[in-house]
Amino acid sequence: MAARIFGSGIKRREDPRLLTGQAKYTDDLALPRMAHLAVVRSPYAHAKIKSIRTKKASQMLGVLGVFTGKDMVEAGFRPIPCAWVVPNSETKTPPYPPIATDVVRYVGNAVAIVVGTDRYRARDAADAVEVDYEPLSVVVDAFKATQEGAPQLHADVPKNICFHWKVSGGDVEAAFKSADVVVKERIVNQRLIPNAMEPRAALAQYAPATGKVTLWATTQNPHIARFLLSLDTGTPEHKIRVIAPEVGGGFGSKIPHYPEDSMVIFAAKRLNVPVKWTETRSENYRGTIHGRDHLQEVELAAKKDGKIVGLRGKVWANLGAYLSTASTGIPTILHGLMLSGVYDIANIHEDVWGVFTNTTPVDAYRGAGRPEATFLVERLVDMLAAKLKRDPAELRKKNFIPPFEDGHTVATGIVYDTGNYAGAFEKALKIADYTGLRKKQAEKRNKEEYLGIGISTYAEICGLGPSQVAGAVGFGGGLWESAIVRFHPSGKVQVFVGISPHGQGEETTFAQIVASELGVSVDDVEILHGDTDQTPMGWGTYGSRSTAVGSGALMGAIGKIKEKAKTLTAHLLEAAAEDIDYADGKFFVRGSPEKAKTIQDMALMANVAWNMPKDLEPGLEASAFFDPPNFVYPFGAHIAVVAVDAETGEVRLERYIAVDDCGKVINPMIVEGQIHGGIVQGIGQALWERAVYDESGQLLTGSMTDYAVPKADFFPNFELAMTETPTKVNPLGVKGIGETGTIASTPAVYNAVLDALSPLGVKTIDMPLTPERVWRAIREARR
Amino acid sequence: MNHSVSITVNGVSHRDEVEPRLLLVHYVRETLGLTGTKVGCDTGQCGACTVLMDGQAVKACMVLAVQADGSQLTTIEGLAENGKLHPLQEAFWEKHGLQCGYCTPGMILTACHLLERNPNPTEAQIRHGLEGNLCRCTGYQNIVAAVKEAGKRMRA
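This one's a predicted model, so the numbers in the text were calculated from it and none came from an experiment. For every chain, the first residue of the written sequence is number 1, and numbering continues from 1 along that sequence. By the order in which they are written, chains take letters starting at A while ligands take numbers starting at 1. Confidence filtering applies because this is a predicted model: local features only for residues at pLDDT of at least 70, side-chain atom pairs given and counted only at 80 or more, and all residues used for totals across whole chains, interfaces and linings.

Colleague: Help me understand the overall build of chain B, please; the structure alone is not making it clear to me.
Modeller: Secondary structure assignment for chain B yields five helices and five strands. Sequence-ordered secondary structure for chain B, helices as α and strands as β, is β-β-α-β-β-β-α-α-α-α. Taking 2.2 N^0.38 as the reference for a compact globule, 156 residues should give roughly 15 Å; the C-alpha atoms of chain B span a radius of gyration of 15 Å, in line with that estimate. Summarising its shape, the C-alpha atoms of chain B cover approximately 50 × 30 × 25 Å along the three principal directions. Three classes are used. A residue is buried when 20 or more other C-beta atoms lie within 10 Å of its own, exposed when 12 or fewer do, and partly exposed in between, with C-beta atoms placed from the backbone. Burial analysis of chain B (156 residues in total) assigns 57% to the buried set. When contacts within chain B are restricted to residue pairs at least 6 apart in sequence, long-range pairs at least 24 apart make up 61% of them. Going along the chain from the N terminus, every DSSP run of H or I of four or more residues is numbered as a helix, and every run of E of two or more is numbered as a strand. With C-alpha atoms as the basis for the radius of gyration, the globule rule is written as 2.2 Å multiplied by the number of residues raised to the power 0.38. It is the C-beta atoms, placed from the backbone, that decide contacts: two residues are in contact if theirs lie within 7 Å.

Colleague: It is not clear to me how the overall build of chain A should be interpreted in this structure. Could you clarify?
Modeller: A count of helices and strands for chain A gives 22 helices and 28 strands. Expected size for 783 residues packed as a compact globule is a radius of gyration near 28 Å; at 27 Å, chain A falls within 12% of this value. Across the 783 residues in chain A, those meeting the buried criterion constitute 59%. Counted over contacts in chain A with a minimum sequence separation of 6, partners at least 24 positions apart contribute 80%.

Colleague: Sorry if this is basic, but what is going on with the packing of helix α12 (residues 370-388) of chain A against helix α13 (residues 392-399) of chain A here?
Modeller: A pair of packed helices is captured by two measures, namely the crossing angle of their axes and the spacing between those axes. Residue and element names in this part refer to chain A. Axis lines are fitted through C-alpha atoms, for helices just across the contact stretch, and the angle between N-to-C directions can take any value from 0 to 180 degrees. One can describe the packing of α12 onto α13 by two numbers: an axis separation of 9 Å at closest approach and a directional angle of 115°. The pairing of α12 with α13 is recorded here as roughly perpendicular in orientation. By crossing handedness, the relation of α12 to α13 is classed as right-handed. Taking contact as the criterion, the partners of Val381, Asp382, Leu384 and Ala385 in α12 are, on α13, Pro392, Leu395 and Arg396. Amino acids are sorted into nonpolar (Ala, Val, Leu, Ile, Met, Phe, Trp, Tyr, Cys and Pro), charged (Asp, Glu, Lys and Arg) and polar (every other residue, Gly among them). Here the contact of α12 with α13 is built from residues that sort into five nonpolar, no polar and two charged. An angle below 35 degrees is treated as roughly parallel, one above 145 as roughly antiparallel, one from 65 to 115 as roughly perpendicular, and anything else as oblique. Left-handed describes a crossing in which the near helix is turned anticlockwise from the far one by less than a right angle; the clockwise case is right-handed.

Colleague: How do you make sense of the sheet that holds strand β6 (residues 130-135) of chain A when you look at a structure like this?
Modeller: The strands that make up a sheet pair up through hydrogen bonds in the backbone, lying either parallel or antiparallel. One open sheet accounts for three strands, arranged β4-β2-β6 (chain A); its pairing is antiparallel. In this open sheet, the two edge strands, each paired with only one partner strand, are β4 (103-104) and β6 of chain A. Between any two strands, at least two bridges found by DSSP are needed for them to pair.

Colleague: How should I be thinking about the domain arrangement of chain B in this particular structure?
Modeller: It is common to report an interface's size as the accessible area lost on association of the parts. Residues and elements named next belong to chain B. Residue ranges labeled as domains rest on an automatic or database domain assignment. Parsing chain B into structural domains produces domain 1 (3-76) and domain 2 (87-155). Computed over C-alpha atoms only, the centres of domain 1 and domain 2 are separated by 21 Å. Between domain 1 and domain 2, the residue contacts involve 16 residues of the former and 13 residues of the latter. Sorting the residues of the side of domain 1 that touches domain 2 by element identifies β3 (50-53) and β4 (56-59) as the ones contributing at least two each. Counting residues per element, the side of domain 1 that touches domain 2 draws most heavily on β3, which supplies three residues. Here the side of domain 1 that touches domain 2 is built from residues that sort into seven nonpolar, eight polar and one charged.

Colleague: Please clarify how unusual backbone geometry should be interpreted in this entry.
Modeller: Residues and elements named next belong to chain A. Omega for the bond connecting leucine 464 with glycine 465 falls within 30 degrees of zero, at -20°, which places this linkage in the cis form. You can see glycine 465 is positioned in the loop between β18 (450-459) and α16 (467-472). The amide bond that connects methionine 767 to the next residue, proline 768, takes the cis arrangement and shows omega of -5°. With respect to the helices, strands and loops of the structure, proline 768 is situated in the loop between α21 (740-757) and α22 (771-782). Positioned with a positive phi, asparagine 88 is a non-glycine residue whose angle comes to about 55°. Here asparagine 88 is to be found in the loop between α4 (69-74) and β4. You will see that serine 544, though not glycine, has its phi angle at about 45°, which is positive. Structurally, the position occupied by serine 544 is in the loop between β21 (525-528) and α18 (546-572).

Colleague: Please explain the pairing of strand β23 (residues 586-589) of chain A as it appears in this structure.
Modeller: Residues and elements named next belong to chain A. Relative to β23, strand β22 (residues 580-583) is paired through four bridges, and the arrangement is antiparallel. Each residue of the ladder has a partner; that of isoleucine 580, found in β23, is valine 589. Adjacent in sequence and paired antiparallel, β22 and β23 are bridged by two residues, among which aspartate 584 carries a positive phi angle near 45°. The pairing of β23 with strand β24 (residues 597-598) spans two bridges and is antiparallel. Paired with phenylalanine 587 across the strands is lysine 597, a residue of β24.

Colleague: Teacher, can you tell me more about the domain arrangement of chain A here?
Modeller: Residues and elements named next belong to chain A. By domain assignment, chain A separates into domain 1 (2-17 + 480-625), domain 2 (31-136 + 197-249 + 254-287) and domain 3 (291-464 + 630-782). When each unit is reduced to the centre of its C-alpha atoms, the spacing between domain 1 and domain 2 is 40 Å. Across the boundary between the two partners, domain 1 contributes 14 residues, which contact 13 residues of domain 2. In terms of residue class, the side of domain 1 that touches domain 2 is made up of three nonpolar, nine polar and two charged.

Colleague: What exactly am I supposed to notice about the packing of α18(A) against helix α19 (residues 599-608) of chain A here?
Modeller: All names here are of chain A. One way to put it is that α18 packs onto α19 with a least axis distance of 10 Å and a crossing angle of 85°. Taken as axis vectors, α18 and α19 run roughly perpendicular relative to one another. Residue-level inspection shows Ala565, Leu568, Thr569 and Leu572 of α18 in contact with α19, the latter providing Ile599, Met602, Met605 and Ala606. Of the residues assigned to the contact of α18 with α19, the class counts are seven nonpolar, one polar and no charged.

Colleague: Honestly, the interface of chain B and chain A in this entry has me stumped. Any pointers?
Modeller: Contact residues are listed per partner, giving 42 residues for chain B and 42 residues for chain A. Contributing elements (two or more residues each) for the side of chain B that touches chain A: α2 (87-94), α3 (104-117), α4 (123-129) and α5 (141-155) of chain B.

Colleague: Is there a simple way to think about the sheet that holds strand β11 (residues 240-243) of chain A in this case?
Modeller: Residue and element names in this part refer to chain A. Strand order in the open sheet made by the seven strands is β3-β5-β1-β12-β9-β10-β11, with mixed pairing throughout. At either end of the open sheet lies a strand with only one pairing partner, and these are β3 (63-68) and β11. Adjacent strand axes in the sheet meet at a mean angle of 20° when their direction is disregarded. Note: strand β1 (residues 35-41) against strand β5 (residues 110-116), six bridges, orientation antiparallel. Bridging from a neighbouring strand, arginine 41 pairs with alanine 110 of β5. Against the sheet, helix α5 (residues 119-128) engages β1, β3 and β5, with an angle of about 25° to β1. Along the sheet face, helix α8 (residues 222-232) touches β10 (212-217) and β11 and points at about 145° away from the line of β11.

Colleague: So what exactly am I meant to see when it comes to the nonpolar core here?
Modeller: Looking at soluble globular proteins, one finds that nonpolar side chains tend to be buried together. All names here are of chain A. In these notes, a nonpolar core means any group of buried Ala, Val, Leu, Ile, Met, Phe, Trp, Tyr and Cys residues linked to one another through C-beta atoms within 7 Å. Of all hydrophobic cores here, the largest spans 307 residues; its most connected members are Ile113, Val114, Val264, Val495, Val514 and Val753. The element that contributes the greatest number of residues to this core is α21, accounting for 10 residues. When neighbours within four sequence positions are excluded, valine 114 is seen to be in contact with Ala38, Val40, Ala57, Val63, Val66, Ala122, Ala125, Ala126 and Val129.

Colleague: It is not clear to me how α18(A) should be interpreted in this structure. Could you clarify?
Modeller: Given 3.6 residues per turn, any residue in an α-helix points the same way as the ones three and four places further on. To estimate the expected span of a helix, count its residues, drop one, and scale the result by 1.5 Å. The terminal C-alpha atoms of α18(A) lie 38 Å apart, and with 27 residues this matches the ideal 39 Å at 1.5 Å per residue to within 8%. Glu574(A) occupies a position one or two residues after α18(A) and carries a positive phi of about 55°.

Colleague: Help me understand the environment of His408(A), please; the structure alone is not making it clear to me.
Modeller: Residue and element names in this part refer to chain A. Structurally, the position occupied by histidine 408 is in strand β16 (residues 408-409). The class of histidine 408 is partly exposed, set by 19 C-beta atoms lying within 10 Å. Residues histidine 408 and aspartate 344 lie 64 residues apart in sequence; the distance between their C-alpha atoms is 10.0 Å. Dropping the residues within four chain positions of it, histidine 408 is found in contact with Ile401, Val415, Tyr416 and Gly419.

Colleague: Before we go on, may I ask you to explain α13(A) in this structure?
Modeller: Residue and element names in this part refer to chain A. Residues of α13 that are buried include every one of Pro392, Ala393, Leu395, Arg396 and Asn399, and no others. Around the axis of α13, the buried residues are gathered within 165° of arc, so they sit on the same side. For α13, the secondary structure elements touched by its buried residues are β14 (308-320), α12, α14 (421-432), α15 (434-446) and β18. What the arc describes is the spread of directions from the helix axis to the C-beta atoms.

Colleague: I'm lost on the pairing of β5(A) in this one. Help?
Modeller: Regular strands place their side chains on alternate faces of the sheet. Residues and elements named next belong to chain A. Burial within β5 is extensive, with seven of its seven residues counted as buried. Examined bridge by bridge, β3 and β5 share five bridges and lie antiparallel to one another. Of the residues in β5, the one forming a bridge with threonine 68 is alanine 112.

Colleague: Where do I start with the confidence of the model for chain B in this structure?
Modeller: It should be kept in mind that the predicted coordinates are not to be read in detail where pLDDT is low. One number per residue, pLDDT, summarises how confident the predictor is, and it ranges from 0 to 100. Put simply, chain B has an average pLDDT of 97, and 100% of its residues get 70 or more. Predicted complex, confidence summary: ipTM 0.98, pTM 0.97.

Colleague: Just checking my understanding: could you explain the environment of Ala60(B) for this structure?
Modeller: Residues and elements named next belong to chain B. Looking at the element boundaries, alanine 60 is found in the loop between β4 and β5 (72-74). With 16 residues separating them in the primary sequence, alanine 60 and glycine 44 have C-alpha atoms 8.8 Å apart. When sequence neighbours within four positions are dropped, the list of residues in contact with alanine 60 reads Leu24, Val25, Val28, Thr37, Cys49 and Val51.

Structure representation (structure tokens):
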């Protein structure tokens with residue numbers, strides 16, 4: 001049993017509570033005397049606040065209080081901290097007040113808060129707060145914001161340039177000089193809205209007698225939230241308890257410390273009642289971070305035989321109006337270091353400018369930096385193939401980094417752990433019947449039907465990551481994980497972890513690990529997470545790190561449990577500890593498995609402690625921390641097949657093949673689920689999704705009516721397969737799988753559409769490839 | 001001025017005084033405390049708030065509580081009978097048709113109505129039928145498989 005549970009697609013233990021409506025998300029919680037907070041938000045993208053009149057609102061029925069930014073400053077609340085300052089980039093960190101006091105810098109910027117007895121009354125009163133604004137000129141485009149004469153957002157940030165970061169490896173100038181061919185592209189990796197199905201919410205309770213603040217919040221990382229809140233709310237860290245109850249998806253958008261977290265704490269303290277804030281979806285679109293938003297000018301150099309020799313680029317990364325928690329790290333470390341992709345490219349250089357604009361802050365969104373890297377590399381490789389009149393599959397094979405098991409250093413300086421890119425690609429080509437597809441494509445083209453085949457081969461950096469590297473690249477925290485394994489007298493196990501899953505299923509996979517390693521029934525294991533007063537410090541769930549890093553800590557604790565149980569068994573069997581063997585939950589003297597002690601026997605004895613060896617503490621509990629020696633680099637090959645209707649511009653996805661390699665798989669059902677979801681999010685970017693601002697800074701895609709979240713009937717069933725190249729970075733050989741689909745699928749589908757349109761002469765279309773854009777591109781090309 | 005409404009939810013009758021503007025979803029979640037029904041948007045797109053009203057799947061954020069006066073509602077809490085999961089709940093569990101779980105109550109109730117109208121839907125019909133419910137986690141493939149499987153079991 002024990003051996004089989006690892007690697008088996010058992011059903012998730014999370015599900016019964018979710019399927020029956022018993023799970024409690026933040027907005028489902030209600031406390032006695034609980035009040036509701038509503039935020040008054042700026043309708044202007046850039047304006048001076050001339051006056052705020054709150055009297056009328058504060059006299060309305062059920063209103064407990066109306067407050068402004070000044071009230072929060074006076075109560076000792078400080079600006080929202082930025083937790084990632086990339087070194088060697090002259091990063092400017094202008095203050096990010098939780099409520100604007102003098103200037104608003106994006107539509108949705110908070111200007112006041114209202115607390116009422118219910119959400120309707122709070123909203124009514126929020127609408128009655130009168131704010132006089134003096135509009136200022138607005139800039140929403142990152143490139144334009146850096147030009148002479150552009151509106152200036154922050155006093156100490158000339159040309160709105162937050163940072164200028166560079167990555168360099170090899171001699172890119174020489175490489176381009178020596179090249180036979182160069183392909184260039186201007187890529188708009190458009191702004192996206194994360195759209196976790198659960199909007200954000202925060203509920204704060206204050207206990208004056210103890211000084212304790214409890215915050216229930218929609219967070220992916222309660223321990224980071226507590227740490228950051230201790231910096232800006234004036235409450236010391238040990239007096240803050242952050243609980244992430246059930247969290248309805250995050251995709252990065254629930255990593256940051258947001259102004260509303262501080263607002264509810266402020267209001268709960270000031271009014272001495274529990275205060276809850278829940279955003280509406282339309283509020284979410286303005287007040288919760290966005291993702292991507294790069295303008296890229298990139299070029300790739302190659303020899304005429306197709307060997308790639310250099311890649312260089314310039315990127316203007318839109319950061320929005322303020323620095324969200326991790327925003328500077330996304331377009332730099334998580335983007336620029338991945339520019340070699342799966343290819344051997346000796347010479348790489350990129351300049352990245354992080355730019356403030358009058359838009360919602362931009363931060364990590366599923367993939368976070370890596371989709372922006374993978375897309376440009378995969379696009380350029382396809383363009384190079386077209387220019388050289390080579391098959392894009394053949395060109396990729398020529399340039400792959402050969403298989404490696406002990407690290408491979410790329411030009412950007414990072415060391416990939418393990419990889420076999422050609423292996424995954426060959427498998428994908430076979431499943432797709434690539435040769436057959438090309439034949440079919442040629443036949444269809446003869447009939448003026450446009451079938452496209454798109455390839456994306458990728459590797460990505462995740463399993464964040466070694467803490468030393470985190471420090472070196474300016475991340476204001478560690479990136480290790482922790483676990484406590486506790487055996488109760490009856491042999492049942494509770495595990496307390498620092499990660500904070502919210503849909504990824506680690507309650508199940510971590511129980512599978514414990515069951516496999518310690519020989520207990522999987523049903524006898526409970527995994528607890530998401531409460532800073534109950535779980536050990538950990539850095540949370542993002543960057544596909546929970547299993548890759550968290551399981552390392554879990555394995556450390558399991559190892560300690562085994563050692564202690566061995567010592568105890570040796571004592572009881574009157575043998576030497578080194579003579580004790582362990583198999584499937586049983587400890588025995590080597591060669592005498594018939595006289596075994598079970599882990600449950602040892603749990604009971606250690607807990608009652610009637611007969612312990614002299615130097616052994618009672619109890620069977622172990623705690624461990626794990627800081628990985630490197631990141632992990634999952635990889636794979638995706639192939640999309642599309643049909644484009646040249647008359648309407650409509651793109652129909654006919655097939656989608658994904659071969660991914662995340663090392664060892666603990667639960668294949670969960671891994672497949674992660675891949676499915678990722679693919680759909682990435683295809684969303686390729687075909688439909690785009691956050692649009694007008695020149696005055698109004699978000700035109702300001703509700704779900706206007707922003708195209710993919711629907712069920714847009715997709716065929718995906719064809720999935722795996723290869724298995726374990727990592728040596730963690731004890732189980734596992735890599736992350738949370739973001740691969742999103743990273744791989746955008747270029748696969750984009751390349752497929754452009755491949756379909758190549759006979760018509762269409763060379764480029766900005767994403768998303770909506771029917772209108774495709775139709776216009778065809779029409780332009782035909783002229 | 002408040003209005004009196006009588007609404008039967010999961011077989012239990014309720015009579016409450018409500019503001020005329022109170023959304024049915026807030027009545028269910030906050031007046032009755034049945035928080036299994038979720039709110040995912042404010043424009044009727046996402047379907048997280050779907051409940052069955054007199055057997056029809058409706059988005060409870062697009063209905064006022066006063067409009068539901070006299071009706072019979074089924075929410076996710078009322079689907080399992082005597083602790084036995086509904087075939088849709090079973091199938092979503094087995095086929096891994098959920099991740100974060102937030103869209104799941106609405107998705108299941110929509111699927112319930114779908115299977116009621118068409119007990120043996122094709123995959124395309126299922127995908128079409130779920131168009132009004134958004135999920136950001138699963139990529140829909142396993143949801144479609146779950147609805148298909150549930151249909152099979154309900155026909156048996």
